Amino acid sequence: MEESNNYGHQHPLLLILNQDQLIHNQSGVTHCSRCGAEVSVPCFCCVEHRGFYLHKACADAPLELNHPFHPHHPLVLLQEPPSSYTRCVCDFCDKTCEKFIYHCSCGLDFHIKCALFTFNVAENNLKELDHVALQHPLISTELGDVSKCFGCREPLAKYTHFSPDCRFNLHEKCAKLPFKLNHKCHHKHPLTLQFNSERLSCKICEVTRRRGFVYGCSPCKLVVHIECVSESLDLVVEDKRHEHPFTLLLRGSSFICDACGIEGSCASYICCTCNIMVHKKCTSLPRIIKSKWHDHRLFHKYFLRREDFRVLDCIMCNCEVSTEYGSYYCSECDVIFHVNCAMKNKNSYEIVENEDEESADVSAITKVLEWNDAGEATVIEHITHIHHLTLSDGVGEYDNKCCDGCLLPISDSFYYCTQCDFFLHKVCVELPKVKQVWHHRCRSSLVLTSNEVFRCVVCGYLSKAFAYKCEKCKKHTCLRCIIALTPGTHTCLGHKHPIFLYTENRGGCVACGCDFNGLLRCKDCDFSLDHKCFSLPITSQHKSDEHLLSLTYHDDNSYSESYFCDVCEERRDPNLWFYHCATCDTSAHVNCVFGIHPFLKPGYIIKVRKDIHEHPLTVVKKIYYYPNCSKCGEPCLDLTLECTGCNFIVHFTCLQQFHFFGLGGLLWR
């Protein structure tokens with residue numbers, strides 16, 4: 001019997017050298033009671049409890065380990081992670097620690113095997129490691145090309161590596177790194193190989209990485225990634241995206257990167273030809289990108305002329321962009337981005353490799369037939385309508401008409417068809433036929449579509465207005481949501497200042513009083529709207545009043561008994577928006593006026609499955625008499641579906657019982 005450190009166990013341990021002596025559990029696998037990994041001989045077994053096994057290395061692990069890569073504090077062996085932890089993660093392999101760990105008071109934690117393995121690397125004791133070539137089956141079957149070195153966190157595929165039985169992966173070069181290094185980026189002291197216990201950012205690339213090894217100087221609180229040490233030895237960096245090479249320059253102070261405008265550390269790269277100084281990562285910024293935040297291509301430029309831009313606010317964060325440093329801009333319109341905003345999310349942009357490629361024409365106007373003296377298109381052809389459309393500003397002549405694009409009342413300059421009852425707001429006419437939408441999860445562009453009944457994936461309303469459809473997932477986003485969620489400056493008739501879209505802000509909407517993530521906010525005062533309330537029509541009709549009701553932003557009536565909705569007869573909050581008729585002194589909740597299906601225009605014909613009804617159904621609005629629904633027997637008080645060939649009429653809500661969710665499988669359009 002060979003005695004061992006049986007910390008955490010009360011019985012003596014017996015050394016086992018024969019694999020046949022192991023007693024397996026029901027799964028046929030025996031695990032180490034300290035590290036949880038599968039046990040193989042030689043190992044220790046409890047004399048009295050044969051289900052307790054320890055790897056020899058785990059059994060021999062010291063209670064306190066003075067690690068060369070962490071010289072200032074000892075690593076203490078604990079039976080389990082500290083009770084204050086909700087989740088303990090190993091600072092070497094990045095996996096969860098559940099059993100025994102080596103713990104330091106500064107917050108470092110390691111599996112037993114990770115601590116001992118890195119200790120052997122530090123001591124250059126690599127006898128236990130097997131040299132494995134790239135052709136080894138372990139690479140192709142278990143690790144694959146995506147596996148990373150535990151030392152530098154770079155892919156293994158480029159190098160041979162070491163891999164012991166417990167699946168540690170190290171480049172050969174990382175296993176043989178010198179313990180101390182004199183480097184030009186830090187002349188005061190040598191850099192020593194260590195763990196990044198203080199979570200410092202690399203002096204060369206400025207990226208903070210918790211896992212793996214770094215070269216560091218503890219007195220100066222400075223670290224450099226292993227790969228950055230070797231790369232910085234090459235003083236000249238060439239990249240095809242910039243016409244001149246960048247040269248490493250070590251400074252005694254920080255600098256402002258000319259490519260992105262963000263402060264950098266002492267290590268910078270300089271282009272002597274262009275006289276620009278940049279971060280390492282900015283030496284390879286793409287010149288042109290396609291962004292989900294904008295319909296046109298964006299170009300990177302180091303310096304811009306202030307007079308070329310009417311507004312210098314980044315349309316993503318709404319903060320001013322300095323023209324003294326690099327930014328992304330649209331050459332076709334007045335739009336500008338901070339570099340970090342444009343490239344914040346890797347899924348929101350694509351690099352344009354072919355710089356000679358021309359930007360696609362995204363206009364939905366297929367042809368302009370006539371212009372006026374002011375340069376406006378007065379007669380056009382549009383992809384959504386078969387006849388010519390004529391520009392008009394006679395808004396008052398069409399109070400009872402709605403725009404066929406957004407289904408909101410005609411309230412601004414618009415185009416109309418002289419041959420049929422078709423109207424489009426000027427802003428709806430000028431929408432692009434292809435749209436980049438930041439809030440849609442698919443990476444493909446959305447295409448303008450019309451004459452389809454759909455449920456908007458953003459607001460949830462049923463509609464037959466214009467929409468943008470994803471050809472990949474087939475989901476629709478209504479025009480109102482597209483406009484409201486477009487980055488940039490917006491105007492609201494209920495507020496004197498411009499408002500801006502903030503996608504990550506949470507707060508209360510002044511119109512409905514609800515809290516939302518993502519709001520249109522004012523920079524100058526405490527005013528914010530959610531996208532649904534921003535899109536509310538200025539005027540609306542309701543059967544309870546013969547006049548148009550106007551959207552009202554506050555109630556000046558001081559009589560509390562008047563704060564009632566004249567539609568549902570319930571109380572309403574005078575501080576929230578409502579609809580009001582000044583002639584009849586009628587007031588109503590927004591939702592009561594808006595109704596359940598505000599974007600389904602009466603007269604639309606919808607084909608349904610034969611098992612629901614054999615004839616097409618027409619959208620109708622019953623006001624003067626209320627027939628009973630053929631499904632539930634209750635009166636049809638609002639928009640319903642009616643068959644003109646028989647007495648069949650049904651609520652929209654009753655059709656939901658026919659799996660009418662997202663219109664899937666119910667409608668034939």
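Above this text sits the structure in question.
None of these values were measured; they are calculated from a predicted model.

About the criteria used
- Each chain has its residues counted from 1, following the order in which its sequence is written.
- The predicted nature of this model means local features are confined to residues of pLDDT at least 70 and side-chain atom pairs, given and counted, to a pLDDT of 80 or more, with totals for whole chains, interfaces and linings taken over all residues.
- Note that water and hydrogens are dropped before the side-chain values are worked out from all heavy atoms of the structure.
- The secondary structure listing takes helices from DSSP runs of H or I that are at least 4 residues long and strands from runs of E that are at least 2 residues long, numbered from the N terminus.
- Working definition: with a 1.4 Å probe on protein chains only, accessible area under 20% of the residue-type maximum means buried, over 50% means exposed, and in between means partly exposed.
- The criterion used for residue contact is that any of the two residues' heavy atoms lie within 4.5 Å.
- Every accessible area reported is derived by Shrake-Rupley at a probe size of 1.4 Å, with residue values counting cover from the shown protein chains alone.
- Any Lys or Arg side-chain nitrogen located within 4 Å of an Asp or Glu carboxyl oxygen qualifies as a salt bridge.
- Strands are treated as partners if at least two bridges between them are detected by DSSP.
- Pairing of aromatic side chains requires ring centres within 6.5 Å, counting the rings of Phe and Tyr and the six-membered ring of Trp. Pairs whose planes differ by under 30 degrees are stacked, by over 60 edge-to-face, and all others tilted.
- Two conditions define a charge sitting above a ring: the NZ of Lys or the CZ of Arg must be within 6 Å of the ring centre, and it must be within 35 degrees of the ring normal.

## What to know about the overall build of the protein chain
Argument step 1. Summing up its helical and strand segments, the protein chain has 11 helices and 49 strands in all.
Argument step 2. Considering the protein chain as a whole, with its 669 residues, one finds that 47% of them fall into the buried category.
Argument step 3. Long-range contacts, defined here as pairs at least 24 residues apart, represent 48% of the contacts in the protein chain between residues at least 6 apart.
Argument step 4. For the protein chain, the exposed area adds up to about 34,400 Å²; of that, 49% sits on carbon and sulfur atoms.

## What about the environment of isoleucine 605?
Argument step 1. For isoleucine 605, the location among the structural elements is in strand β45 (residues 605–608).
Argument step 2. Of the residues examined, isoleucine 605 reaches a relative accessible area of 55% and is grouped as exposed.
Argument step 3. In this structure the C-alpha to C-alpha distance between isoleucine 605 and leucine 617, which are 12 residues apart in sequence, comes to 5.7 Å.
Argument step 4. The contacts of isoleucine 605, once residues within four sequence positions are left out, are Lys464, Pro616, Leu617 and Thr618.

## Side note on the pattern of salt bridges
Opposite charge on two side chains allows them to pair when their charged atoms are near.
Argument step 1. One pass over the structure, following the stated rule, counts 11 salt bridges.
Argument step 2. Put simply, aspartate 313 and lysine 523 hold a salt bridge, and the shortest N to O gap is 2.9 Å. With aspartate 313 in the loop between β22 (297–301) and β23 (327–329) and lysine 523 in the loop between β39 (515–522) and β40 (528–529), this pair connects stretches of sequence that are 210 residues apart.
Argument step 3. You can call lysine 523 partly exposed: its relative accessible area is 40%.
Argument step 4. Two residues, lysine 469 and glutamate 452, come together in a salt bridge whose shortest N-O distance is 3.9 Å. Taken together, the positions of lysine 469 in strand β35 (residues 467–470) and glutamate 452 in the loop between β32 (446–449) and β33 (454–455) put the pair 17 residues apart, joining distant regions of the chain.
Argument step 5. Since its relative accessible area comes to 16%, lysine 469 is described here as buried.
Argument step 6. Owing to a relative accessible area of 17%, glutamate 452 belongs among the buried residues under this scheme.
Argument step 7. Taken together, the shared-partner salt bridges connect Arg305, Glu307 and Asp308 into one network.

## Considering the side chain of threonine 477
Argument step 1. One can find threonine 477 in strand β36 (residues 476–478).
Argument step 2. Setting aside its immediate chain neighbours within four residues, threonine 477 contacts His439, Leu446, Cys456, Val457, Val458, Ala467, Tyr468 and Ile482.

## Quick notes on the sheet that holds β32
Argument step 1. Pairing is antiparallel across the open sheet formed by four strands, whose spatial order is β31-β32-β35-β36. Sheet topology places β31 (434–435) and β36 at the edges, where each strand pairs with a single neighbour.
Argument step 2. Relative to β32, β31 runs antiparallel, the two sharing two bridges. The partner of valine 434 across the bridge, within β32, is valine 447.

## Some words on the packing of aromatic side chains
Centre distance and the angle of the planes are the two values used to describe a pair of aromatic rings.
Argument step 1. Scanning the model with the defined rule gives 17 aromatic pairs in all.
Argument step 2. Considering the side-chain rings of tyrosine 302 and phenylalanine 303, the 6.5 Å spacing of their centres and the 45° angle between planes classify their relative orientation as tilted.
Argument step 3. In textbook terms, an aromatic cluster arises when at least three aromatic residues are bridged by ring pairs, as seen for Phe69, Phe92, Phe110, Phe117, Phe179, Phe195 and Phe213.
Argument step 4. The lysine or arginine in question, lysine 523, covers the ring of phenylalanine 500, its NZ or CZ lying 4.5 Å from the ring centre.
Argument step 5. Note that arginine 572 overlies the ring of phenylalanine 578, its terminal NZ or CZ placed 4.1 Å from the centroid.

## Some points on unusual backbone geometry
Argument step 1. The backbone of arginine 199 sits at a positive phi, close to 55°, despite the residue not being glycine.
Argument step 2. Phi is positive for asparagine 318, close to 65°, though the residue is something other than glycine.
Argument step 3. On the secondary structure map, asparagine 318 appears in the loop between β22 and β23.
Argument step 4. When its relative accessible area of 3% is taken as the criterion, asparagine 318 is described as buried.

In short, the description is geometric, and any link to function would need to be established separately.
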